[in-house]
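Structure assessment
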Amino acid sequence: MKLKHLSTAMILATLPATGVFAAALDRSGQSMSAFLQPGNYFEAGISILDPTVKGQEAGTTATNRKIDDMAGDYFFPSAALKLQLTDKFSFGLLYDQPFGADARYTGDNAFVASPNDRVLSSLPITTSAIGGTTTGSTSVEVDSQNISMIFGFQPTENFNIYGGGVYQTIKGNVHLRGSAYSVFNGYDANIKEDGAAGWLAGAAFQIPEIALKASITYRSEIDHKFVANENLSLATPLANAAPSLGGIVPPALLPAISQAIGGFAAANSTEGQTKITTPQSVNLDFQTGIMANTVAFANVRWVNWKDFSITPYKFGKAAEAVGPLVNRPNGFSLVEYADDQWSVNAGVGRKLSEQWAGNVSVGWDSGAGNPITTLGPTEGYWNVGVGVQFSPTPATFIAGGVKYFWLGDAKAQTGAQAGSDDYVAKFEDNKALAYGLKIGYRF
């Protein structure tokens, strides 16, 4: 049936647009397929995503404002080198950008600064009334890079046991603007690039004669520790206005609000270390020949987003100060997720000629909970994709793919609302288009 070489061609053609829009901050899908190719192998690719994420402020349709597309387009490259050093030992280097975010709010809504933004939502106090100046809109940008160094041992033709180290960098910036964020309107955080190490381990089984291959890969958490550059722009104006709040704040609430403002202002003068732990994950990949010139394939991915959060140091101290005002006595995080992510991609590939192959696939992603953060307001997806591969020589190929995503409806909430049913906006009927290109060489 000539399935031994067919299986490789089909699976490669599925990869260029895989995983580019997933739950939480997940991007690349962290595939191990390049390392599991036979012989010596090199590949390089790029994936691009064009999402559309629109919504509306929470409340009645008649009074709440529309939210224009807030999701930014982005692209990320990938590359891999695999060397079969001996019959039993192999070595690989994988580069990808596993986690990221790119979003910016525009227009006239609760995520764009205005002089009339409420500082404390239950009270008639605005940013301009206390002498505060916040401009611009809410935005987030997070970028990461991974280099995995992998060593494999093949005791027989059918088994492969592998593991190695991972070096990861992460950087980003966040700007919160608008009445949705109350006293955090005007908060800025800049995270300079930080590097840290982790590890991976896995095992694979194959029967080349029937194009059967199965693998499972675990990737560890990676701890990043750094000092973020943060600023709470309303801290000083609030502290200056505190003595004059007696005529505005009900007497019963004045002590609690005064104490919260004092702690909030003090937080802006502190410095401390921020810790971000990128999540552990498991990938399960499977493929098998189902008839002559045809293979079926599937990937299942789990990511432990439920235990992930981002709490920059100053933000955390300020959240502890104002938390009691919103029934969060222990404070809250800038970003956190309620659920782990599960995703499944499956499809069928077929050899069309000696040079051409193609595939079709479907995918599902659970999301990481709903309601979810305002900095990434979708809940999972369904998608369909097609891929094609052209091999001008037996040793080279060019592969391309495209996927269309139906993004899950979501309610968006701020950090102060996380864990409750409250939300500040809802996002419905959104979509995304992903496409990618990859080249490969066997030597």
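Above this text you will find the structure in question.
Just so it is clear, the model here is predicted, and its values are computed rather than measured.

**A few points about helix α4 (residues 313-322)**
Given 3.6 residues per turn, any residue in an α-helix points the same way as the ones three and four places further on. Most of α4 sits inside the fold, with 7 of its 10 residues counted as buried. Tucked into the core, α4 has its buried residues touching β9 (187-207), β12 (229-232) and α3 (254-267).

**Focus on the packing of α3 against α4**
Each packed pair of helices is defined by two parameters, the angle between the axes and the distance between the axes. Orientation of α3 relative to α4, taken along the N-to-C sense of each, is 175°, at an axis distance of 8 Å. By the angle between their axes, α3 is roughly antiparallel relative to α4. Counting all contacts with α3, which are made through A260, G263, F264 and A267, the residues of α4 involved are K314, K317, A318, A321 and V322. For the contact of α3 with α4, a count of residues per class yields 6 nonpolar, 1 polar and 2 charged.

**Quick notes on the sheet that holds strand β20 (residues 372-373)**
Working definition: the strands of a sheet are paired by backbone hydrogen bonds and lie parallel or antiparallel to each other. Overall, mixed pairing links the 5 strands, which are arranged β3-β2-β24-β23-β20 in an open sheet. Looking along the sheet, the strands with just one partner apiece sit at the ends: β3 (66-67) and β20. Pairing of β20 with strand β23 (residues 410-413) involves 2 bridges; the strand directions are parallel. Note on β23: the bridge partner recorded for T373 is Q413.

**Considering the pattern of salt bridges**
If you walk through the whole model with that rule in mind, you get 7 salt bridges. The partner of R65 in a salt bridge is E57, and the shortest N-O contact between them spans 2.9 Å. Connected through salt bridges with shared partners, the residues E57, R65 and D108 form a single ionic network.

**Considerations on the environment of L120**
Its location among the elements puts L120 in the loop between β6 (100-104) and β7 (139-153). Under the relative-accessibility criterion, L120 is labelled buried at 13%. L120 sits 61 residues away from Y181 along the chain, and the two C-alpha atoms are 9.3 Å apart. If near-sequence neighbours (up to four positions away) are discounted, L120 is found in contact with I125, S182, V183 and I257.

**Describing the pairing of strand β14 (residues 281-291)**
Note: strand β10 (residues 212-219) against β14, 7 bridges, orientation antiparallel. If you follow K213 over to β14, its bridge partner there is Q287. From the end of β14 to the start of strand β15 (residues 294-303), which pair antiparallel, there are 2 residues, and N293 there has a positive phi angle of about 65°.

**Observations regarding a negative patch on the surface**
A contiguous patch of negative charge, built from D50, D73, D102 and E141, is present on the exposed surface. Assignment of secondary structure puts D50 in strand β1 (residues 41-52). A relative accessible area of 36% places D50 in the partly exposed class.

**Quick look at the nonpolar core**
It is characteristic of soluble globular proteins that their nonpolar side chains tend to be buried jointly. By size, the foremost hydrophobic cluster in this structure holds 74 residues, and its most contacted members are L176, F184 and F264. The element that contributes the greatest number of residues to this core is α3, accounting for 5 residues. Once you skip the residues sitting within four places of it in the chain, L176 turns out to touch T138, Y181, F184, N185, G186, Y187, F315, L334 and L375.

Cut-offs and rules
Residues numbered from 1 in each chain as written. Predicted model: local features only at pLDDT ≥ 70, side-chain atom pairs only at ≥ 80, totals over all residues. Heavy atoms only, no water. Buried < 20%, exposed > 50% of the residue type's maximum accessible area, 1.4 Å probe, protein only. Helix = DSSP H or I, 4+ residues; strand = E, 2+ residues; numbered from the N terminus. Contact = heavy atoms within 4.5 Å. Axes fitted to C-alpha atoms, helices over the stretch in contact; angles between N-to-C directions. Parallel < 35°, antiparallel > 145°, perpendicular 65-115°, else oblique. Nonpolar A, V, L, I, M, F, W, Y, C, P; charged D, E, K, R; others polar. Pairing = 2+ DSSP bridges. Salt bridge = Lys/Arg side-chain N within 4 Å of Asp/Glu carboxyl O. Patch = residues over 30% accessible without salt bridge, like charges linked within 9 Å, V, L, I, M, F, W, Y side chains within 5 Å. Areas by Shrake-Rupley, 256 points an atom, 1.4 Å probe, with all protein chains shown as cover. Lys, Arg positive; Asp, Glu negative; His and termini not counted. Charge placed at Lys NZ, Arg CZ, Asp CG, Glu CD. Core = buried A, V, L, I, M, F, W, Y, C linked by side-chain atoms within 4.5 Å.

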